[in-house]
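As a plain string of letters, each chain reads:
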Amino acid sequence: MTPITAKHADLDDKLDERSRDIFRRIVESYLIEGEPVGSRNLSKMLPTSLSPASVRNVMSDLETLGLIYSPHVSAGRLPTEQGLRFFVDAFMDTGEVSDEERMLIESQLGAGEGHPHTEQLLTEASQMLSRVSNGAGLVLAAKRDGALKHIEFVRLEETKALAVLVWESGDVENRVIDLPAGMTASQLAEAANFLNHHARGQTLAGARDAINAKRREVRAELNDLSASLVERGLAVWSGANDGQPRQLIVRGRANLLENLTDAEEIERTKMLLDDLERKEEIISVLDMAEQGSGVRIFIGSENRLFSLSGSSLVVAPYRDGNRRVVGALGVLGPTRLNYARIVPMVDYTAQLVSRIIERE
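Quick caveat, the model's predicted, so the values are computed rather than measured.

Rules and cut-offs
Residues numbered from 1 in each chain as written. Predicted model: local features only at pLDDT ≥ 70, side-chain atom pairs only at ≥ 80, totals over all residues. Heavy atoms only, no water. Helix = DSSP H or I, 4+ residues; strand = E, 2+ residues; numbered from the N terminus. Contact = heavy atoms within 4.5 Å. Areas by Shrake-Rupley, 256 points an atom, 1.4 Å probe, with all protein chains shown as cover. Core = buried A, V, L, I, M, F, W, Y, C linked by side-chain atoms within 4.5 Å. Buried < 20%, exposed > 50% of the residue type's maximum accessible area, 1.4 Å probe, protein only. Phe/Tyr/Trp six-rings, centres within 6.5 Å; stacked < 30°, edge-to-face > 60°. Pairing = 2+ DSSP bridges. Axes fitted to C-alpha atoms, helices over the stretch in contact; angles between N-to-C directions. Salt bridge = Lys/Arg side-chain N within 4 Å of Asp/Glu carboxyl O.

Participant: Is there a simple way to think about the overall build of the protein chain in this case?
Facilitator: If you tally the helices and strands in the protein chain, you get 14 helices and ten strands. For the protein chain, long-range pairs separated by at least 24 residues make up 62% of all intrachain contacts whose partners lie at least 6 apart in sequence. Surface accessibility of the protein chain: about 17,600 Å² in total, with carbon and sulfur atoms responsible for 46%.

Now the structure itself:
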């Protein structure tokens, strides 16, 4: 359970046992049903006899504290984003994954079979998280610091090509790249040959630094277009431009649009999907998860990316064989995610991915 902040501790002090019970039932009802709950129904849920009028008085106090709100006049109450955060921090006990869920995660990731490519493992993790959560599964792949074995370019169209990067570990990574205007097939092959000669056995960052140091030699050996592709490609692939990890795997985008009936909700979610396509913002959020040691939860407007769509992200870092944080994975969904179930599943998946990577 997340440690209670000073602000939330102050809120906790202002709630008596009755207020806490009513607040908890409002949130739990929202997480299960997604609908406002009224004072009459709440009075029936409580273990002690309490009139609807008394319940309304408590609800009014909770509303004053900013923990719940009424979406419509004379309607029931829903938790605010602040209320959800308070609930997650102060009330929720996540526990551990069940034996059944543990077996499901392990079977989906092929934990006992080994993986020829890390990229395949991460893709399967993203797909599995999407299935079990009915949200979108996200995986931020690690920055590469392994040694390169081979680079090849496959032209896709006039100004785009597929860069195939083969690592000495056996991993294969495909990246779509922009080509300089007017680049010919022979110039593309020339750039690939140059990279294979100078970059083989080096990390991307090492190859970038080595070729930068030989800039004059590069320009002398290659024509301008081939030299531009070599220099710009290594700069982008090694993360020199923005310092961010390069690969984001997203599965289950369609889940985010399911069960939405309100036109405004649909439009907000489409905006979120557009942001996912652009990747920069979600990468920055996932990158924050790498700075922690466990699961982090971002709710709604706590991050700019989710402020319009009303979404939440549950995310955890994963590590390599040297116990270094090399990426992050998680679940993106509506704010009414089943946090108590999703948090331990994300945590266990991150631990399992770390063990598989370490084993290989």
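Participant: Where do I start with the nonpolar core in this structure?
Facilitator: Taken as a class, soluble globular proteins show a tendency for nonpolar side chains to be buried jointly. Of all hydrophobic cores here, the largest spans 58 residues; its most connected members are Ile22, Phe23, Leu62, Tyr318, Tyr339 and Val353. Looking at this core, the elements with two or more residues in it are helix H2 (17–33), helix H4 (52–64), helix H5 (81–90), helix H7 (118–133), strand S8 (296–299), strand S9 (311–319), strand S10 (325–334) and helix H14 (339–359). Broken down by element, this core gets its largest block of residues, eleven residues, from H14. In this structure, Leu165, Ala199, Leu229 and Val230 belong to the second largest nonpolar core, which totals 25 residues.

Participant: Help me understand the packing of aromatic side chains, please; the structure alone is not making it clear to me.
Facilitator: Working definition: an aromatic ring pair is given by the centre-to-centre distance plus the angle between the planes. Going through the model one piece at a time under the given rule, you end up with four aromatic pairs. Relative to phenylalanine 91, the ring of phenylalanine 86 has its centre 5.5 Å away and its plane inclined at 85°; by these criteria the two rings are edge-to-face. Exposure class is identical for phenylalanine 86 and phenylalanine 91. Each is buried. Pairing phenylalanine 87 with phenylalanine 91 gives two aromatic rings, centres 6.0 Å apart and planes at 10°, and the pair type is stacked. On the accessibility criterion, phenylalanine 91 (18% relative accessible area) is buried. Taken together, Phe23, Phe86, Phe87 and Phe91 form an aromatic cluster joined through their ring pairs.

Participant: Looking at this structure, how should I read the sheet that holds S8?
Facilitator: The strands making up a sheet are joined through hydrogen bonds of the backbone, oriented either antiparallel or parallel. As summarised here, the arrangement of the five strands in space is S7-S3-S10-S9-S8, forming an open sheet in which the pairing is antiparallel. Each edge of the sheet is formed by a strand with only one pairing partner; in this case those strands are strand S7 (248–251) and S8. Pairs of neighbouring strands in the sheet enclose a mean axial angle of 20°, with direction left out of account. Pairing between strand S3 (residues 136–140) and S7: four bridges, direction antiparallel. For leucine 138, the partnering residue across the bridge sits in S7 and is valine 250.

Participant: In this structure, what is going on with unusual backbone geometry? I would like to understand it.
Facilitator: Outside of glycine, negative phi angles account for most residues, and trans bonds account for most peptide bonds. The backbone of asparagine 134 sits at a positive phi, close to 60°, despite the residue not being glycine. Mapped onto the secondary structure, asparagine 134 falls in the loop between H7 and S3. On the basis of relative accessibility, which here comes to 55%, the residue asparagine 134 falls in the exposed class.

Participant: Would you take a moment to explain the pattern of salt bridges for this structure?
Facilitator: Side-chain pairs of opposite charge can arise whenever the charged atoms involved come near each other. Throughout the structure, instances matching the rule amount to eight salt bridges. Its salt-bridge partner being arginine 77, residue glutamate 63 comes within 3.0 Å of it at the nearest N-O pair. Note that glutamate 63 is positioned in helix H4 and arginine 77 in the loop between strand S1 (68–69) and strand S2 (78–79), a separation of 14 residues in sequence. Note on glutamate 63: relative accessible area 31%, which makes it partly exposed. Residue class for arginine 77 comes out buried when judged on its relative accessible area of 19%. Between aspartate 99 and arginine 102 there is a salt bridge; the shortest N-O distance is 3.1 Å. Placement of both aspartate 99 and arginine 102 in helix H6 (residues 99–108) is noted, with a separation of three residues, approximately one turn of the helix. Arginine 102 gets classed as partly exposed once you look at its relative accessible area, which sits at 22%.

Participant: Teacher, can you tell me more about the sheet that holds strand S6 (residues 172–178) here?
Facilitator: Overall, antiparallel pairing links the three strands, which are arranged S4-S5-S6 in an open sheet. Each of the sheet's edge strands pairs with one partner strand only, and the pair in question is strand S4 (148–157) and S6. In this sheet, neighbouring strand axes are inclined to one another by 20° on average, regardless of whether the strands run parallel or antiparallel. On the sheet, helix H8 (residues 185–199) packs against S4 and strand S5 (160–167) and is oriented at approximately 165° with respect to S4.

Participant: Is there a simple way to think about the pairing of S5 in this case?
Facilitator: In regular strands, side chains alternate between the two faces of the sheet. Where S4 meets S5, eight bridges bridge the pair, whose relative direction is antiparallel. Within the sheet, the bridge partner assigned to arginine 155 lies in S5 and is alanine 161. Across seven bridges, S5 lies against S6 in antiparallel orientation. Bridging across to S6, leucine 165 finds its partner in glutamate 173. In textbook terms, the turn of a hairpin is the stretch between consecutive antiparallel strands, and for S5 and S6 this stretch comprises four residues, one of which, glycine 170, has a positive phi near 100°.

Participant: Just to check I follow, could you spell out the environment of valine 295 for this structure?
Facilitator: Positionally, valine 295 belongs in the loop between helix H13 (280–289) and S8. Ignoring sequence-local partners within four residues, the contact set of valine 295 consists of Val314, Val315, Ala316, Val343 and Asp347.

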